[in-house]
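Read off the chains here:
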Amino acid sequence: MEYRSFAEGVPGVLALCAGVLMCAMCGKDADCPDGGNHEEVPPPHSDTLYVTGVEYPAGYDWVKDPEYGTVPCRLFLEKEGERIVEIPVGYSYETASDPDMHRCAKGHLYTDYSTDSETVIKRDGVELFRYPGREMISGFYVSDSTDVYTLGQPRSGGSGFTFRRNGEVLLDVPSGCAVSDISEKDGRLYLVYRTDALSDGSGRERQGYYIYADGGSSLLAGISSNEEILHAVVQNGQPVCVLGGTDGSPSGSECFFRNGTRYAIETEGLGALVYCRILYDDDDVFLSGVCRSAVSGECTYAVWDGYGKHMYSLASGQLPFYSFACSGNIYDFTGQATSFDDMTCHMNGKQLYSYGRNLSTYGSRPAAVCRDSLYFIFSDRTERKQPYVAVQDRLTAGGFNGFYTGVSAW
């Protein structure tokens, strides 16, 4: 399996550690499709906790899931431990149990579903809109005005994407990819993306990187033709990018690019940066990434501040499957690669909690901070397959047959 960056990936340079990290980062099937679902910027720090999950009939083997699409299971949304929404799952309901096809946003449960010819978006089980074409939703955002913005890719394959508001096309990129999440600041929506040269020569935009801002796109200046954006966020209306070489191989010259200035990323003693993702925290940014030693081939996870200064590293080979930043702290979760690994949480590079062995998470948002407490959802891999919610290091069993898929604070 190739180790992929946020945009398209860094081909083949992690032959030794790619499989471990990517299997840990993926959801139920441990198989991330090209350009697949990516974790969005966590919601602002808030004080109401929401948890999503999937419940199956007692005794049903949801890991093998032999009756996928027809088993009478249901999605649910909990608010402060009480279920407030339950939605039946199945073809006739146009709702799927896949963890990457539902999410909580602003206290509601949003789902997407592909029929034979359409894409359907619902909120709390009620249809909001549908549009022609079967799209895999790789980005989802609900604005302050409750408009629904989506990034969709054709399920039939292809390298382009469509950016929509309530199903209406805002931006159609036949060949290219988004390199940032959808974000909002002061009522303005932003997206950073790349367009590739079109074979028919009829491209509406020339090849390069663009920022979309409330209905218009503009070319990002200062990025040379032999550079690519590995990941980007928009901070106070301005893009913050990590730049690397276009051939996908570590160049040693990776840098932060912000406000027209380049800041070198300190990797001395760590090896070459082969994967990275920007962590966004209110008005601050950090960089998380993996470096690979050219001598030993070992991989090391590290975090830098928004100007490329090294902050901390984890032990060699200890690669997080989930990381996020909140209130100036960075949380890294490790130990999902094998059943023998201890699943642990680190805060700012130091181990905070250990949850035990033989555990898994499902979905792209397994942890959040609410009222200054850390919440983490996971399941054991034993025959019981019991779901748990951890508050700090205190565990509470879910008491149902199924799994939690996401936790967030709004």
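On to the overall build of the chain, then. Across its full length, the chain carries 1 helix and 34 strands. Looking at the chain as a whole, 55% of its 410 residues are labelled buried. Across the chain, every contact between residues at least 6 apart in sequence was considered, and the portion connecting residues at least 24 apart equals 42%. With the model as given, the accessible surface of the chain reaches about 17600 Å², and the carbon-plus-sulfur share is 46%.

This part covers the packing of aromatic side chains. Inspection of the entire model under this criterion finds 26 aromatic pairs. Between Tyr355 and Phe378, the ring centres sit 5.6 Å apart and the planes meet at 50 degrees, which makes this aromatic pair tilted. With a gap of 23 residues between them, Tyr355 in strand E28 (residues 350-357) and Phe378 in strand E31 (residues 373-380) connect regions that are remote in the sequence. For the pair formed by Tyr355 and Phe378, the shared burial category is buried. Linked through ring pairs, Phe321, Tyr322, Phe324, Tyr331, Phe333, Tyr353, Tyr355, Phe376, Phe378 and Tyr388 together constitute an aromatic cluster. Positioned above the aromatic ring of Phe400 is the side chain of Arg83, whose terminal nitrogen or guanidinium carbon lies 5.4 Å from the ring centre. Here Lys106 stacks its cationic end above the ring of Tyr141, 5.4 Å away from the centre of that ring.

Moving on to the pairing of strand E23 (residues 299-305). For E23, the tally of buried residues reaches 6 of 7 residues, placing the bulk of the element in the interior. Examined bridge by bridge, strand E22 (residues 284-292) and E23 share 7 bridges and lie antiparallel to one another. Its bridge partner being in E23, Cys291 is matched across the sheet by Thr300. Linking two consecutive strands that pair antiparallel, namely E22 and E23, is a turn of 6 residues; a positive phi of about 80 degrees is found at Gly297 within it. Across 3 bridges, E23 lies against strand E24 (residues 310-313) in antiparallel orientation. Bridge pairing links Trp304 to His310 in E24. Between E23 and E24, which follow one another and run antiparallel, lie 4 residues, and Gly308 among them has a positive phi close to 90 degrees.

Membership of the largest hydrophobic core comes to 18 residues, with the highest contact counts inside it found for Phe324, Tyr331, Phe333, Tyr355, Leu374, Phe376 and Phe378. Listing elements by their share of this core, those giving two or more residues are strand E25 (322-326), strand E26 (329-334), strand E27 (342-347), E28, strand E30 (367-370), E31 and strand E32 (387-391). In contact with Tyr331, not counting residues within four places along its chain, are Tyr322, Ser323, Phe324, Cys326, Cys345, His346, Met347, Leu352, Val369 and Leu374.

By the element assignment, Gln351 lies in strand E28. The class for Gln351 is exposed, based on a relative accessible area of 52%. Each C-alpha atom of the pair Gln351 and Phe333 lies 9.5 Å from the other, and the pair is 18 residues apart in sequence. What Gln351 contacts, discounting residues up to four positions off in sequence, is Thr344, Cys345 and His346.

Looking now at the sheet that holds strand E9 (residues 148-154). Spatial ordering of the open sheet is given by E8-E9-E10-E11, a layout of 4 strands whose pairing is antiparallel. Sheet topology places strand E8 (135-142) and strand E11 (168-173) at the edges, where each strand pairs with a single neighbour. Across the sheet, the mean angle separating the axes of adjacent strands is 20 degrees when strand polarity is ignored. Pairing of strand E10 (residues 161-165) with E11, which is carried by 5 bridges, proceeds in the antiparallel orientation. When the bridges of E11 are listed, Arg164 appears paired with Val169.

Moving on, we get to the pairing of E10. Two faces belong to every sheet, and in a regular strand the side chains alternate between them. Within E10, 4 of the 5 residues are buried, leaving the element largely enclosed by the surrounding structure. Both E9 and E10 contribute to a ladder of 4 bridges, which runs antiparallel. Across the sheet, the residue bridging to Gly152 is Thr162, located in E10. Following E9, the chain reverses through 6 residues before pairing antiparallel with E10; Gly157 in that reversal takes a positive phi of roughly 110 degrees. Linkage of E10 to E11, two consecutive antiparallel strands, is achieved through a turn of 2 residues, within which Asn166 is found at a positive phi near 50 degrees.

This part is about the confidence of the model for the chain. Looking at the chain, the pLDDT average stands at 86 and 85% of residues meet or exceed 70. Confidence drops under pLDDT 50 across residues 18-39; counting only partners more than four residues distant or on other chains, this segment forms 52 contacts.

Now for the pattern of salt bridges. Scanning all chains against the criterion turns up 16 salt bridges. The closest approach of N and O atoms between Arg130 and Glu94, which form a salt bridge, is 2.7 Å. Here the residue Arg130 occupies a position in strand E7 (residues 126-132), and Glu94 occupies one in the loop between strand E3 (82-88) and strand E4 (102-105), the gap between them amounting to 36 residues. Among the residues examined, Arg130 registers a relative accessible area of 30% and is labelled partly exposed. Through salt bridges that share partners, Glu55, Arg74, Arg83 and Glu86 make up one connected network.

Definitions and cut-offs
Residues numbered from 1 in each chain as written. Predicted model: local features only at pLDDT ≥ 70, side-chain atom pairs only at ≥ 80, totals over all residues. Heavy atoms only, no water. Helix = DSSP H or I, 4+ residues; strand = E, 2+ residues; numbered from the N terminus. Buried < 20%, exposed > 50% of the residue type's maximum accessible area, 1.4 Å probe, protein only. Contact = heavy atoms within 4.5 Å. Areas by Shrake-Rupley, 256 points an atom, 1.4 Å probe, with all protein chains shown as cover. Phe/Tyr/Trp six-rings, centres within 6.5 Å; stacked < 30°, edge-to-face > 60°. Lys NZ or Arg CZ within 6 Å of the ring centre and 35° of its normal. Pairing = 2+ DSSP bridges. Core = buried A, V, L, I, M, F, W, Y, C linked by side-chain atoms within 4.5 Å. Axes fitted to C-alpha atoms, helices over the stretch in contact; angles between N-to-C directions. pLDDT = per-residue confidence, 0-100. Salt bridge = Lys/Arg side-chain N within 4 Å of Asp/Glu carboxyl O.

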